[in-house]
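Per-entry structural report
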Amino acid sequence: MNMTVTSKKVQVGQSFTDYANKKLSKKLDRFFGEDAEAKLTVTSVRDNIVVELTVRHGNLIFRAEQEAVEKNEALDACVDKIIRQIRKNKTKIEKRLHSSAFAESYNELEPEYVEDSYSVERTKRLVLTPMTVEEAILQMNLVGHNFFMFKNGDTGEVNLVYKRGGGGRAVIEVAKG
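Residues numbered from 1 in each chain as written. Predicted model: local features only at pLDDT ≥ 70, side-chain atom pairs only at ≥ 80, totals over all residues. Heavy atoms only, no water.

It is worth spelling out the packing of helix H1 (residues 14-32) against helix H2 (residues 71-88) at this point. Contact pair H1 / H2: the axes reach a minimum separation of 11 Å and the direction vectors enclose 10°. Here H2 runs roughly parallel to H1, going by the angle between their axes. Counted together, Phe 16, Tyr 19, Ala 20, Lys 23, Leu 24, Lys 27, Leu 28, Phe 31 and Phe 32 of H1 and Lys 71, Asn 72, Leu 75, Asp 76, Val 79, Ile 82, Ile 83 and Ile 86 of H2 form the full contact between these two elements. Here the contact of H1 with H2 is built from residues that sort into twelve nonpolar, one polar and four charged. (Axes fitted to C-alpha atoms, helices over the stretch in contact; angles between N-to-C directions. Helix = DSSP H or I, 4+ residues; strand = E, 2+ residues; numbered from the N terminus. Parallel < 35°, antiparallel > 145°, perpendicular 65-115°, else oblique. Contact = heavy atoms within 4.5 Å. Nonpolar A, V, L, I, M, F, W, Y, C, P; charged D, E, K, R; others polar.)

Turning to the side chain of Lys 23, a few remarks are in order. For Lys 23, the location among the structural elements is in helix H1. Note on Lys 23: relative accessible area 17%, which makes it buried. Setting aside its immediate chain neighbours within four residues, Lys 23 contacts Leu 28, Leu 75, Asp 76 and Val 79. (Buried < 20%, exposed > 50% of the residue type's maximum accessible area, 1.4 Å probe, protein only.)

Of the pockets and cavities examined, the largest pocket occupies roughly 360 Å³. The wall of the largest pocket is formed by 14 residues, among which Val 50, Glu 65, Arg 164, Gly 165 and Gly 166 lie closest to the centre. Mapped onto the lining of the largest pocket, the elements with two or more residues apiece are strand S2 (37-45), strand S3 (48-57), strand S4 (60-68) and strand S7 (158-163). Of the residues in the lining of the largest pocket, the class split is three nonpolar, five polar and six charged. By volume, the second largest pocket is sized at about 310 Å³. As for the second largest pocket, its lining consists of 13 residues, and the residues nearest its centre are Leu 126, His 145, Phe 147, Phe 148 and Met 149. The element best represented in the lining of the second largest pocket is strand S6 (residues 147-152), accounting for four residues. (1 Å grid on protein atoms, 1.4 Å probe; cavity = no way out; pocket = protein on both sides within 12 Å on 5 of 7 lines; lining within 4 Å. Points joined across faces, edges and corners; volume = space filled by probe spheres on them.)

The next point concerns the sheet that holds S2. A sheet is described by the order of its strands in space; here four strands give the open sequence S1-S2-S3-S4, paired in mixed fashion. Single-partner strands in this sheet number two, and they are strand S1 (2-8) and S4. The average undirected angle you get between the axes of adjacent strands in this sheet is 15°. (Pairing = 2+ DSSP bridges.)

Looking now at the environment of His 145. Relative to the helices and strands, His 145 resides in the loop between helix H5 (133-143) and S6. Remark: the alpha-carbon pair of His 145 and Lys 163, spanning 18 residues in sequence, is separated by 8.7 Å. Other than its neighbours up to four places away in sequence, His 145 contacts Lys 124, Met 140 and Lys 163.

Turning next to the nonpolar core. Looking at soluble globular proteins, one finds that nonpolar side chains tend to be buried together. Residues Leu 28, Phe 32, Leu 53 and Val 55 are the most contacted members of the largest nonpolar core, which totals 28 residues. With seven residues, H2 is the largest single contributor of residues to this core. When near neighbours in sequence (up to four residues on either side) are disregarded, Leu 28 contacts Met 1, Lys 23, Leu 53, Val 55, Ile 82 and Ile 83. Counting six residues, the second largest nonpolar core, distinct from the first, contains Ala 136, Phe 148, Phe 150 and Val 161. (Core = buried A, V, L, I, M, F, W, Y, C linked by side-chain atoms within 4.5 Å.)

A few words on unusual backbone geometry. With the exception of glycine, most residues fall at negative phi, and the peptide bonds are largely trans. Unlike most non-glycine residues, Lys 9 shows phi in positive territory, near 65°. Counting through the fold element by element, Lys 9 comes out in the loop between S1 and H1. Assessed through its relative accessible area of 74%, Lys 9 is described here as exposed. Positioned with a positive phi, Arg 46 is a non-glycine residue whose angle comes to about 55°.

Taken by themselves, the reported measurements are silent on function.
Structure below.
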């Protein structure tokens, strides 16, 4: 697994990088193998450390973020969250991950949540009116949702504004691919 460590407002020593590399290799290599990419971001927020771990393997993206007093505790919690995500969706992603990812020792564990198929409970049709990001945030707050899709009046593209876990707002823009 290829790992990149980025730090913001905090010093990350070689010992933490080695610990992270060892932890990711031990826990996640059995799922992803050598072709996966892990991006680890360590940030200092107030008196705590926030560790964000993103693992990419093909079209699959697993992301976990954890805040703790120590970097190692936050990293351990992030790795555990990603393993829970894999367990939760085991049957859906089993074919896409490393062939030996679900060896016998792992198959003994039952998935946390098993769903035969994803079902759509409701379909909505939207008329996307051009508006600014600020207007979209206002509309999102008025309807009481965590996200709001709109047509950006400046670019003419479809965007999505959403509430982040820390209380902030973010915009997703469609990239031409």
